Each structure stands twice: as C-alpha cells, then as structure tokens.
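Per-entry structural report
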Amino acid sequence: MASLFSGRVLIRNNSDQDELDTEAELSRRLENRLVLLFFGSGSCPQCQAFAPILRDFFVKLTDEFYVLRAAQLALVYVSQDPTEEQQDLFLRDMPKKWLFLPFEDDLRRDLGRRFSVERLPAVVVLKPSGDVLTHDATDEIRRLGPACFANWQEAAELLDRSFLQPEDLDDPAPRSLTEPLRRCKYRVDQTARGKRGPGSGSPPEQKSGAEGGGAGELF
C-alpha cells in the first residue's frame, strides 16, 4: 500500500504537521491496513455535511476511548480544495491521525483520475494490496457507521495484528480515569458473548441533497 505514495510526502493532521517522508514511515502508517482515500473539498457543501460523519466513523474505530485496540485503518485526505487556505480550514477540526498530501502535490488530482472519482464527497476503500475494495463508500458509511469496517476487513482478508505491540507509543491517546473499569467491562462482555469479533481530469461533481443523493453541479 505504501507504494501508492512512494517518493511522496504525507502529512499528519496534528499540530506539528509531522511529515512522513521515508519509506519506513509510510510503511508503518499504511501497510497491512485498509486505507480510505477521502476526496473532498471545503468549498463543497455536501463534503462539509459528510465530514463530521466520516470523522466520527474514524474516531470510533481508532480512538482507544471507544475501542480496546485501534482498527487497522488509515485515512488519507485527497484535497480537491481550490486553495491551500481552504484545505487547512477543512482539516482544522478533523482527527489528528488523518493524513493528507501537500497542497502543491499534483498527486491530489492524479489520484482522482486513477480511481475514476466523478463526484464529491467520495471515499475509495483500498485493500492492503492496493486493490480497490469499494469505489465509493460514502453511502455505506452513512447507513452502517463503524460496522462497515468488519465487512471490509473480512472481504479484504486483513491480517489480524492483535498480537503486536500498540503503535503511537510516542503519542498516546488521552485516557479517562474510568478507563481501567471500562476495559475490564469490555473483556467481561466479550467473554460472555463467546469472544465474538466486531459486528458483522475534470474536477469531480458534488453530490446533491442533504445526504448526498442525486448528481450535483460541478464546482
């Protein structure tokens, strides 16, 4: 998967905007994961409406406040913003674990052509091999929420990493005072349930409607 961005720089959406500019760093963040390519724009009303849904979807799968262990999931924002200022404004309230391409990188447009993105917003789901699992998962994410990941994980035959040490030890997620009790309850519940896993070239057009229904106009 890291080969898709070989020779490129990805930036973390944290306060320091750390750059992933080596093959080792890219591999650490992208290999053996499902990768979501989120094509959006701050000037697109439908993208603005969908962004909080996608943010909550991602957080509930990767933030250890919600899950015992973060899902094997990465998200790269592929900006279609007309200006860098709009891109920065759009990302301001998004998760710090999101990655994005520098505004000046032409790969932002090339990826849209490569994956035949015609409308915004669009979420392309890639297997760890780089093959496309879903060409546009926006509607699925709206309907099913985090349950999508279990379906994708099974379809992609994603290797379980649960035996590995947690990542991001240098940047631990905030813990609440009740976390030990929450984790204990989670383990008890899982045991009671039989230790089951999680449930089950032209710029693109904008999707119209409050929920991204029919075709919209070009922006």
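Refer to the structure printed above.
Now for a quick tour of the structure. (Residues numbered from 1 in each chain as written. Predicted model: local features only at pLDDT ≥ 70, side-chain atom pairs only at ≥ 80, totals over all residues. Heavy atoms only, no water.)

Next up on the list: the overall build of the protein. Helices and strands together make up the secondary structure of the protein, namely seven helices and 10 strands. Scored against the burial criterion, the 219 residues of the protein give a buried share of 43%. Total accessible area computed for the protein in this model is approximately 11,700 Å², and 51% of it derives from carbon and sulfur atoms. (Helix = DSSP H or I, 4+ residues; strand = E, 2+ residues; numbered from the N terminus. Buried < 20%, exposed > 50% of the residue type's maximum accessible area, 1.4 Å probe, protein only. Areas by Shrake-Rupley, 256 points an atom, 1.4 Å probe, with all protein chains shown as cover.)

Along helix α6 (residues 147-156), the positions that sit buried rather than exposed are Cys148, Phe149, Ala150, Trp152 and Ala156. Of the surrounding elements, those touching the buried residues of α6 are β3 (34-40), α2 (45-62), β4 (73-79), β7 (122-126), β8 (132-134) and α5 (138-144). Positive phi shows up at Glu157, right after α6, with a value of about 50 degrees. (Contact = heavy atoms within 4.5 Å.)

Looking at the element boundaries, Asn13 is found in the loop between β1 (10-12) and β2 (19-20). Judged by relative accessible area, which is 10%, Asn13 ranks as buried. A polar atom in the side chain of Asn13 sits 3.2 Å from the backbone oxygen of Met94. (Polar contact = N/O pair within 3.5 Å; in protein donor to acceptor, adjacent residues only side chain to side chain.)

Let's shift gears to unusual backbone geometry. Of note, the bond from Leu120 into Pro121 is cis; its omega dihedral lies within 30 degrees of zero at -5 degrees. One non-glycine residue, Gln17, lies in positive phi territory at about 50 degrees. On the secondary structure map, Gln17 appears in the loop between β1 and β2. At Ser116, a residue that is not glycine, the phi angle is positive and equals roughly 55 degrees.

With mixed pairing, seven strands are arranged side by side in an open sheet as β2-β1-β5-β4-β3-β7-β8. In this open sheet, the two strands that pair with only one neighbour each are β2 and β8. Alignment of β1 against β2, held across two bridges, turns out to be antiparallel. Each bridged residue has a counterpart across the sheet, and for Leu10 the counterpart in β2 is Leu20. Contacts from helix α3 (residues 84-91) reach β3, β4 and β5 (99-100), with the element oriented near 150 degrees to β4. Of the strands in this sheet, β3, β4, β7 and β8 are in contact with α6, which crosses β3 at around 125 degrees. (Pairing = 2+ DSSP bridges. Axes fitted to C-alpha atoms, helices over the stretch in contact; angles between N-to-C directions.)

Moving on: the nonpolar core. For soluble globular proteins, nonpolar side chains are generally found buried alongside one another. Counting residues in hydrophobic clusters, the biggest one holds 54 residues, and the most contacted among them are Phe5, Leu37 and Phe39. With seven residues, α2 is the largest single contributor of residues to this core. Those residues in contact with Leu37 that lie beyond four places of it in its chain are Leu4, Phe5, Val76, Val78, Phe115, Ala122, Val123, Val124 and Leu126. (Core = buried A, V, L, I, M, F, W, Y, C linked by side-chain atoms within 4.5 Å.)

Keep in mind that these numbers describe shape and distance, not what the molecule does.
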